[in-house]
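Spelled out from the first residue to the last, the chains are:
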Amino acid sequence: MIAENLKQVLSELPEGVRLVAVSKFHPNEAIEEAYRAGQRVFGESKVQEMTAKYESLPKDIEWHFIGHLQTNKIKYIVPYVALIHGVDSYKLLVEINRQAAKMGRTVNCLLQLHIAREETKFGFSFEECREMLASGEWKDLAHVRICGLMGMATNTDNTEQIKAEFCSLDSFFQEVKSSWFAHEESFRELSMGMSHDYHEAIDAGSTLIRVGSRIFGERNY
Ligand SMILES: *Cc1c(COP(=O)(O)O)cnc(C)c1O
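About the criteria used
- Residues numbered from 1 in each chain as written.
- Predicted model: local features only at pLDDT ≥ 70, side-chain atom pairs only at ≥ 80, totals over all residues.
- Heavy atoms only, no water.
- UniProt positions renumbered as here; feature names shortened; annotations may be inferred.
- Phe/Tyr/Trp six-rings, centres within 6.5 Å; stacked < 30°, edge-to-face > 60°.
- Buried < 20%, exposed > 50% of the residue type's maximum accessible area, 1.4 Å probe, protein only.
- Helix = DSSP H or I, 4+ residues; strand = E, 2+ residues; numbered from the N terminus.
- Contact = heavy atoms within 4.5 Å.
- 1 Å grid on protein atoms, 1.4 Å probe; cavity = no way out; pocket = protein on both sides within 12 Å on 5 of 7 lines; lining within 4 Å.
- Points joined across faces, edges and corners; volume = space filled by probe spheres on them.
- Nonpolar A, V, L, I, M, F, W, Y, C, P; charged D, E, K, R; others polar.
- Core = buried A, V, L, I, M, F, W, Y, C linked by side-chain atoms within 4.5 Å.
- Salt bridge = Lys/Arg side-chain N within 4 Å of Asp/Glu carboxyl O.
- Disulfide = S-S within 2.5 Å.
- Near = heavy atom within 4 Å.
- Polar contact = N/O pair within 3.5 Å; in protein donor to acceptor, adjacent residues only side chain to side chain.
- Areas by Shrake-Rupley, 256 points an atom, 1.4 Å probe, with all protein chains shown as cover.
- Sits in = over half its atoms within 2 Å of the grid points.
- Pairing = 2+ DSSP bridges.

If you look the protein up in an unreviewed UniProt entry, it shows as Pyridoxal phosphate homeostasis protein from Bacteroides fluxus YIT 12057. Here the protein is described in UniProt, under the heading Cofactor (unreviewed entry), as follows: "pyridoxal 5'-phosphate".

Written as structure tokens, this is what we have:
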């Protein structure tokens with residue numbers, strides 16, 4: 001089941017779009033099934049759960065943290081995390097940098113933008129993000145690498161709205177890239193698209209889709 005779902009999703013991805021298989025709240029066995037089918041990139045949203053899975057599963061798995069990260073828990077994932085998708089404040093970036101410096105690592109991060117209409121979703125507004133980048137202070141953070149942007153569309157059946165939100169993030173991505181990262185090869189990821197909206201996200205320029213229930217089935221939480 002999982003292997004078939006995975007293959008189906010992968011078959012729909014154009015070149016240049018990678019899949020983060022979101023395995024949160026699913027047991028190791030589910031991840032192992034996807035792993036045997038060739039998947040190596042997995043996404044988790046809880047620090048403790050991701051760390052336990054990292055410790056007990058094959059070491060060539062690339063772990064992406066996609067949840068809301070609390071500063072006091074950064075230290076647990078810094079040793080092994082491949083990409084932190086949801087950096088939603090400058091303070092968090094500073095703290096990740098501090099922990100990464102201690103451990104002699106450089107941690108890949110995405111800045112999370114608030115593009116949905118819901119109030120509950122985390123992230124910078126476009127204006128806050130522009131101000132943060134314009135201040136230039138982030139350039140001194142030698143142990144974080146800003147690799148791109150991440151966002152979540154409104155949870156709605158209105159596909160026109162979803163498309164408009166993803167397109168707004170894509171144009172903001174182009175703006176940020178040309179203003180601040182024009183010569184940075186590593187600034188290239190646009191993380192957007194989940195089970196119910198990844199087709200729209202891909203059409204709008206996503207390079208990383210984060211798909212859980214479409215592969216692993218519904219979560220019991
Ligand atoms: C849970 C989650 C996903 C995956 O959601 P599905 O609808 O199961 O595909 C993607 N991104 C984030 C940030 C999530 O928390």
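> Would you mind going over the packing of aromatic side chains with me for this structure?
Within the structure shown, the criterion is met by seven aromatic pairs. Both rings, one in Phe181 and one in Phe187, keep their centres 4.2 Å apart while their planes meet at 5°; by these two values the pair is stacked. Both residues of the pair, Phe181 and Phe187, count as buried. Through a chain of ring-to-ring contacts, the aromatic side chains of Trp138, Phe173, Trp180, Phe181 and Phe187 assemble into a single cluster.

> When you look at the UniProt feature "modified residue: N6-(pyridoxal phosphate)lysine" (unreviewed entry) in the protein in this model, what are you seeing that I'm missing?
The UniProt entry lists Lys24 under the feature "modified residue: N6-(pyridoxal phosphate)lysine" (unreviewed entry), expressed in the numbering used here. Turning to its location among the elements, Lys24 is positioned in the loop between strand S1 (18–22) and helix H2 (28–36). Ignoring anything within four residues of it in the chain, the contact list for Lys24 reads Gly43, Glu44, Ser45, Glu49, Lys53 and Arg219.

> Where do I start with the layout of surface pockets in this structure?
Rolled over the atoms, a probe sized like a water molecule indicates the empty space that remains. Within this model, the largest pocket holds a volume of roughly 730 Å³. Around the largest pocket, the lining is made up of 30 residues, and of these Lys24, Ser45, Ile66, Gly67 and His68 lie nearest the centre. Across the lining of the largest pocket, the residue classes tally to 12 nonpolar, 11 polar and seven charged. Of the voids in this model, the second largest pocket is the one considered here, and its volume is about 220 Å³. Together, 13 residues line the second largest pocket, and Trp138, Val144, Ile146, Phe181 and Glu184 are the ones closest to its centre. The element that contributes the greatest number of residues to the lining of the second largest pocket is strand S6 (residues 144–152), accounting for three residues. A breakdown of the residues in the lining of the second largest pocket according to their chemical character gives eight nonpolar, two polar and three charged.

> I'm lost on the nonpolar core in this one. Help?
As a rule of thumb, soluble globular proteins bury nonpolar side chains together. Formed by 63 residues in total, the largest nonpolar core has its most connected members in Ile96 and Leu111. Tallying contributions element by element places helix H7 (residues 159–180) first for this core, with six residues. In contact with Ile96, other than residues within four places in its own chain, are Leu69, Ile74, Ile84, Val87, Val107, Cys109 and Val144. Counting seven residues, the second-largest nonpolar core is a separate cluster that includes Val20, Val41, Leu83 and Leu110.

> Sorry if this is basic, but what is going on with the pattern of salt bridges here?
Two side chains bearing opposite charge may form a pair once their charged atoms approach each other closely. Here the structure, examined in full by the defined rule, presents 10 salt bridges. One salt bridge in this structure joins Arg188 and Glu189, with 3.8 Å as the shortest N-O distance. Through salt bridges with shared partners, one network takes in Arg18, Glu62, Arg188 and Glu189.

> Mind showing me how you'd approach the state of the cysteines here?
Covalent bonding between the sulfur atoms of two cysteines is what defines a disulfide. Under the counting rule described, the total for this entry stands at zero disulfides. The structure places no disulfide on Cys129, whose sulfur is separated from the nearest cysteine sulfur, that of Cys109, by 13 Å. Judged by relative accessible area, Cys129 falls into the buried class, the value being 0%. No disulfide involves Cys167; its nearest neighbouring cysteine sulfur is the one of Cys129, lying 18 Å away.

> Explain the site of the ligand here, please?
Neighbouring the ligand are Val22, Lys24, Ile66, Met150, Met152, Met194, Ser195, Arg210, Val211, Gly212, Ser213 and Arg219. A distance of 2.8 Å separates an oxygen atom of the ligand from a polar backbone atom of Gly212. For the ligand, an oxygen atom lies 2.8 Å from a polar atom in the backbone of Ser213. Protein contacts shield 90% of the accessible area of the ligand, which totals 390 Å² for the unbound molecule. Here the ligand occupies the largest pocket. Going through the elements one at a time, S6 and strand S8 (208–211) are the ones with two or more residues in the shell around the ligand. Across the shell around the ligand, the residue classes tally to six nonpolar, three polar and three charged.

> I would appreciate a short explanation of the pairing of S6 in the present structure.
Regular strands have side chains that alternate between both faces of the sheet. Buried residues dominate S6, accounting for seven of its nine residues. Note: strand S5 (residues 107–114) against S6, eight bridges, orientation parallel. Bridged to Val107 within S6 is Val144. Where S6 lies against strand S7 (residues 189–191), three bridges are found, and the strand directions are parallel. Each bridged residue has a counterpart across the sheet, and for Leu149 the counterpart in S7 is Leu190.

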